[in-house]
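Each chain, letter by letter, is given below.
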Amino acid sequence: MRRLLLVVLVLVAGTAVRALVRPATFDHVAHAGLFPTCTSCHGGITRPDASLWPTASQCAACHNGTVAERVTWTPPTARPASNLRFTHETHRAAAGDTIACADCHTRAGEPTEIRWASARQCVSCHGFAEAHLAIPATACATCHVRLADAALTESQIAEFSEPPSHERSDFGLAHADQVDQACSTCHAQEFCTTCHVNAAAIPAIAELGSNPRSTELAANVSVPPGHADPGFVTDHGRSGSLSCATCHTQSSCTDCHRNNAPPDHTRSFTDWRHGPSADAATLRCATCHVRNDCLDCHRPGPGSGAYHPADYLARHPAAAYGRETSCSDCHNPAGFCASCHQMTGLTSRGGGVLRGGYHEGQPAFLVGHGPSARRSLESCVSCHTETDCLTCHSSVRGRGFNPHGADFNAERLRRRNPEMCIVCHGVAIPGA
Amino acid sequence: MTPRGLWLVLLVPTGLVGQGWRVDAQLGMRSAAVRGLQVDTVARDALAPGASTFTPDGYAAFCPAGAALCTYYRPGPVVHAAPLQAHVAADLWGFGVRGLRLRVNARHVSDLAEGGMWPGTAPRFQLVEGHAEYAQRTVTVRLGRTVLSSRLGWHGLDGVQGEVRLAAGRMAIGAWGGWGLAQAATVPATSAAVNPLAEYQPRDRQLIAGGDIAWRSPSLQGRVVYQREVDPAVDYFLSERIAADADWRVVRGVSLNAGAEYDLDAAVWGSADAALAVHAPSGAQSSIGVRRYRPYFPLWTVWGAFSPSPYSAVFGSLDVPMGPDVSAWARAERYWFDPSDARTPLVTTEDAGWRWQTGAGWQAGAVLRLEAQGHAAFGPGAASMGFDARIRAAVHAHLDLTLHGGRLVRPLELRYHDIALWQGGGDVRWRLHDRLTATGGLMVVDETRERPDAAAVRWSHLRAHLGIRVLLGSGADRTHLPPAVLAMPESR
């Protein structure tokens, strides 16, 4: 008796569970005789302006409580969200009569058991031998639009299956060479930015397009194996590669290096001598820095105030004259230096008026200015014009004082650009 | 309209909307004042009796032999400047061609004060960079205005620049060509903005072309650059130079950096340097090196024909952590000029000079940081000595306050006695939002011109600056580590 009761309970429970989990579906078999064509109810298949589903009144024509029991049916107001390029209209237009509804919506040998079309059927018809997720990535766009262009819900995206190519243990760290447009089928920029801090600088990511819901997929990353090397902590600056910027920003450097500078990024390095290293190791700098980092300080012309100290306006005469660094790397000597000196009365406008003054506090400075001029010519030209100097140093218009030093290679420079020679010598260039 | 929408309307013309964009916008204003010189003349006969080199009102005057008029300089008027600079660096991408982006780095500069003293404010709109960039993993091509940076300096270019990366990014070969801009400027050399003194000016823009090879390995990195500029009107060279740099890690903790440039026009070596740096495991670093500095002038000026003298120098630096919160640094350089071949017995000049700087910093807890440093320089035509100190307080996670002060003594313009200057003030940096930072500051400058004549003056003035910086983007521009990276336990 107990056994019988147990069997009955199992049967009842199983039936109940089956009834609960089984979706309420339309019984196409029972209605096959009433509706010989699919488009009788699914007019939207052939007419874009029509609904894909029958209306409630169509059902109520029979299910009115008299002819047949009443049913509750509310057709969806919109077509189901999808990332498929597929529409019945375009498929029908392209395939014509070579394809019938049953080809996709029934199982072989069971023509009346209607079901959703499966990806397997799409893949099969389109000539792929592989399983859906294993077909070449270049073929994704055959059926799918970019995730950025798809109106999928969060839950739909979260249920994306992982293709076999992603199952490799090193895929998270080594997928860079495989990135192409096919990625955009399942991923958008926002998904990439959960790992790639430099996503904006990677063209392949930028091309994926945007879809905030793409972060419903969880990125699976692991620590690069090289980070476990014993010497990594002390040596990672040297061995750094362009890929560091994938995960790390400047702030991830400064978080650790705030009080304990990287081996070569000491105070002296950052304030004083990073230029030669930057010139030599541009590829290494690019590990952490982007183009705009340099332009923040080193943009030509009026600066951002970030490079020089606060009192530099007062300090610059001595610094410029001493030539600790080359001012003209960032400042045009005429447009920047001379223009300001002109406004403050420090320039000569040429024309033979030298405006003699107490240079060096020595009244005879003009007579003996040669050494100072040769040593600080860049400073001289921030106040004086060529005409000032040619008043004496031109052999045509001046007094013929030779300004050339011992290492002056007149013949070579004449071959390179005789126009410079003509300024002082006229057309009668010596040796020409 | 939201700020993001406003920027889009301002920056993106209709029909040019990309899928992604990023904008770094800065707006800043400064207020400063300078007081220069005012040249004047006085009749020799009018010089004060008994003091033949002083004017009646007490200014030192210079009387050329035989001239009836003597020249003297009186303190000039106080000239105010209020530069206002709006700077935008913007990137747009996603135009349907993978790897294509538009990049604009431009500014609008003006001086709101009467007189417009602030340098570099003409023209008002300045395009630093503006190009289309096509970048793939191994190739980058830029078309438009770009800036070239190398040992040869910064050069603007309107043309094309390309780079090919080989051997998994360990080697890069680049080339560029087009019409050049004026040296370290955003305008062509033909622009009046780079010719304030009405000098000789070229009629045509120069053609610029060059190339470089850079390589990278764990122990050796380097770059060789070649660049030439040609005057298209006459087909003559304006410059032709080559430069090389290398950075060699000799052993762990020891590196050697060296580089040099060569002027193919004059067939002379230009500036060069070599430095050996040692990094101790404790974090200390020392370096010693030699360098040579030779000024460079292109061939469309005559200045190169005046044979500017180079100098040679030895230098060293030391950075020492003195405990977990205290660090100190020092650096010094001694230099000697080559013989100028222009010596006269009438004027004595220095042949050598030196400069040093030393300082220390103390991180007092998480909030305060104190720094102080002194500096001095002495050499041919140049001298200065001073010190400055600052206290920075991170009073809030998003708010930094800094108080600073210092003193400086240096020669006056024309090197006639000294100028002594005290300065003090404060700055504030307030991060209002992840993408929005405001800055401001005030500084009082008290200046005393220590001359033995009537031009000795003392005057004070106030300097101020205000700024705001906004970082906007379409989602991919992050300023912090993303969640997936933070989940990596030991990767930072």
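Owing to the predicted nature of the structure, the values given are computational and were not obtained by experimental measurement. Within each chain, residues carry numbers counting from 1 in the order of the written sequence. The naming scheme follows written order: chains are lettered A onward, ligands numbered 1 onward. The predicted nature of this model means local features are confined to residues of pLDDT at least 70 and side-chain atom pairs, given and counted, to a pLDDT of 80 or more, with totals for whole chains, interfaces and linings taken over all residues. Excluding hydrogens and water, the side-chain values take into account all heavy atoms of the structure.

**What to know about the overall build of chain B**
- Numbered from the N terminus, helices here are DSSP runs of H or I no shorter than four residues, and strands are runs of E no shorter than two. Along its length, chain B carries 2 helices and 24 strands.
- For the C-alpha atoms alone, the extent of chain B along its principal axes is close to 85 × 60 × 55 Å.
- Evaluated residue by residue, chain B yields a buried proportion of 49% over its 492 residues.
- Per-residue and other accessible areas follow the Shrake-Rupley method at a 1.4 Å probe size, with only the shown protein chains counted as cover for residues. Here chain B displays about 22,200 Å² of accessible surface, and carbon together with sulfur accounts for 64% of that area. Burial classification: accessible surface area is computed with a 1.4 Å probe over protein chains only, and a residue below 20% of its type maximum counts as buried, one above 50% as exposed, and the rest as partly exposed.

**Some remarks on the overall build of chain A**
- Of the regular secondary structure elements, chain A holds 24 helices and 2 strands.
- Burial analysis of chain A (432 residues in total) assigns 34% to the buried set.
- Long-range contacts, defined as pairs at least 24 residues apart, comprise 57% of the intrachain contacts of chain A with a sequence gap of at least 6.
- Roughly 24,100 Å² of accessible area belongs to chain A as shown, and the carbon and sulfur atoms make up 60% of that amount. Residues count as neighbours in contact if any of their non-hydrogen atoms are within 4.5 Å of one another.

**Section: the packing of aromatic side chains**
- Whether two aromatic rings pair depends on their centres lying within 6.5 Å, for rings of Phe, Tyr and Trp, where Trp uses its six-membered ring; planes under 30 degrees apart make the pair stacked, over 60 edge-to-face, and the rest tilted. Counted under the stated rule, the structure contains 10 aromatic pairs over all chains.
- An angle of 70 degrees between the planes, with centres 6.5 Å apart, marks the rings of Trp53 of chain A and Trp116 of chain A as edge-to-face. A residue pair is termed long-range when its members are at least 10 positions apart, and Trp53 of chain A in the loop between helix H2 (28-31) and helix H3 (56-60) and Trp116 of chain A in the loop between strand S2 (110-114) and helix H6 (119-125) qualify at 63 residues.
- Taking the relative accessible area as the measure of exposure, Trp116 of chain A reaches 66% and is therefore exposed.
- With 5.6 Å between their ring centres and 50 degrees between their planes, Trp303 of chain B and Phe306 of chain B make a pair best called tilted. Across this residue pair, the class does not change: Trp303 of chain B and Phe306 of chain B are buried.

**Comments concerning helix H22 (residues 386-393) of chain A**
Residues and elements named next belong to chain A.
- Burial analysis of H22 places 6 of its 8 residues in the buried class, the great majority of the element.
- By the burial criterion, the buried members of H22 are Glu386, Asp388, Leu390, Thr391, Cys392 and His393.
- Looking at the buried positions of H22, the neighbouring elements they touch are helix H24 (418-425).

**As for the pairing of strand S24 (residues 458-473) of chain B**
- We treat two strands as partners when DSSP finds at least two bridges between them. Relative to S24 of chain B, strand S1 (residues 20-43) of chain B is paired through 10 bridges, and the arrangement is antiparallel. When the bridges of S24 of chain B are listed, Ser31 of chain B appears paired with Ala464 of chain B.

**Some remarks on the pairing of strand S3 (residues 69-81) of chain B**
Residues and elements named next belong to chain B.
- Note: S1 against S3, 11 bridges, orientation antiparallel. Paired with Gln38 across the bridge in S3 is Arg74.
- Pairing of strand S2 (residues 61-62) with S3, which is carried by 2 bridges, proceeds in the antiparallel orientation. Bridge pairing in S3 links Phe62 to Thr71.
- Where S2 hands over to S3, the hairpin turn is made up of 6 residues, of which Gly66 adopts a positive phi near 80 degrees.

**A word on the confidence of the model for chain B**
All names here are of chain B.
- Here chain B averages 86 in pLDDT, while 91% of its residues score no lower than 70.
- When the criterion is pLDDT under 50, residues 8-18 qualifies, and its contacts beyond four places in sequence or with other chains add up to 14 contacts.
- For the stretch residues 476-492, pLDDT sits under 50, and the model shows 47 contacts to residues farther than four places along the chain or on other chains.
- The ipTM for the predicted assembly is 0.82, set against a pTM of 0.71. Known as pLDDT, the predictor's per-residue confidence is scaled from 0 to 100.

**Concerning the nonpolar core**
- The biggest cluster of nonpolar side chains holds 15 residues, and the ones touching the most others in it are Leu377, Val381, Leu413 and Met420 of chain A together with Phe297, Trp303 and Phe306 of chain B.
- If we ignore the near neighbours within four places in the chain, the residues touching Val381 of chain A are Phe297 and Trp303 of chain B.
- The next biggest cluster of nonpolar side chains, apart from the first, holds 11 residues, and it includes Val145, Ala150, Ala199 and Leu217 of chain A. What makes a nonpolar core is a set of buried Ala, Val, Leu, Ile, Met, Phe, Trp, Tyr and Cys residues whose side-chain atoms join them at distances within 4.5 Å.

**With respect to the interface of chain A and chain B**
- Counting residues at the interface gives 146 residues for chain A, matched by 172 residues for chain B.
- Here the quantity called buried area is the total loss of accessible area, with a 1.4 Å probe, experienced by two parts when brought into contact, counted for both. Interface area for chain A against chain B, summed over the two sides, is near 13,700 Å², with a carbon-plus-sulfur share of 56%.
- Salt bridge, as used here, is a side-chain nitrogen of Lys or Arg placed within 4 Å of a carboxyl oxygen of Asp or Glu. There are 5 salt bridges connecting chain A and chain B.
- Of the charged contacts, one joins Arg416 of chain A and Glu240 of chain B as a salt bridge, the two residues approaching to 2.3 Å between their closest N and O atoms.

**Some details on unusual backbone geometry**
Residue and element names in this part refer to chain B.
- Backbone torsion omega between Ala122 and Pro123 reads -5 degrees, so that peptide bond is classified as cis.
- Examined against the element boundaries, Pro123 turns out to sit in the loop between strand S5 (100-111) and strand S6 (125-135).
- With phi around 50 degrees, Ala184 is a residue other than glycine that occupies positive phi space.
- In this model, Asp341 sits at a positive phi of 60 degrees, which is unusual for a non-glycine residue.
- Looking at the element boundaries, Asp341 is found in the loop between strand S17 (326-337) and strand S18 (352-364).
- Overall, Asp341 belongs to the exposed group, its relative accessible area being 55%.

**What about the side chain of Asn417 of chain A?**
- Tracing the backbone through its elements, the reader meets Asn417 of chain A in the loop between helix H23 (410-416) and H24.
- The term polar contact refers here to a pair of N or O atoms within 3.5 Å; inside protein, the definition further demands a hydrogen-donor-capable atom paired with an acceptor-capable atom, and it admits residues adjacent in sequence only when both atoms are side-chain atoms. In terms of polar contacts, Asn417 of chain A uses its side chain to reach the backbone carbonyl oxygen of Phe237 of chain B, at 2.9 Å.

**Points about the environment of Asp247 of chain B**
Residues and elements named next belong to chain B.
- Position of Asp247 relative to the elements: it lies in strand S12 (residues 236-251).
- Residue Asp247 is classed as buried on the basis of its relative accessible area of 2%.
- The sequence separation of Asp247 and Leu276 amounts to 29 residues, and the corresponding C-alpha distance is 9.9 Å.

**Here's the deal with the pattern of salt bridges**
Residues and elements named next belong to chain B.
- Here the structure, examined in full by the defined rule, presents 32 salt bridges over all chains.
- For Arg469, the salt bridge is made with Asp24, and the minimal N-O distance between the two is 2.5 Å. One end of the pair, Arg469, is in strand S24; the other, Asp24, is in strand S1, with 445 residues separating them in the sequence.
- Under the relative-accessibility criterion, Arg469 is labelled partly exposed at 28%.
- Classification of Asp24 by relative accessible area gives buried; the value is 12%.
- One salt bridge in this structure joins Asp446 and Arg458, with 2.9 Å as the shortest N-O distance. Of the two residues, Asp446 sits in strand S23 (residues 436-450) while Arg458 sits in strand S24, which places them 12 residues apart along the sequence.
- Residue Asp446 is classed as buried on the basis of its relative accessible area of 14%.

**Structural notes on the confidence of the model for chain A**
- In the predicted model, chain A carries a mean pLDDT of 77, and 80% of its residues have values of at least 70.
- Across chain A, the secondary-structure element scoring lowest on mean pLDDT is helix H1 (residues 2-21) of chain A, at 53, and the one scoring highest is H23 of chain A, at 90.

**As for a nonpolar patch on the surface**
Residues and elements named next belong to chain B.
- Only residues above 30% relative accessible area that lack a salt bridge enter a patch, with like-charged residues linked at up to 9 Å and the nonpolar side chains Val, Leu, Ile, Met, Phe, Trp and Tyr linked at up to 5 Å. A cluster of nonpolar side chains, Leu220, Trp248, Val250, Val251, Leu256, Leu276, Val278 and Ile288, forms an exposed patch at the surface whose accessible area comes to about 620 Å².
- The set of elements that each furnish at least two residues to the nonpolar patch consists of S12 and strand S14 (268-279).
- For the nonpolar patch, the leading source of residues is S12, giving 3 residues.
- Position of Val278 relative to the elements: it lies in strand S14.

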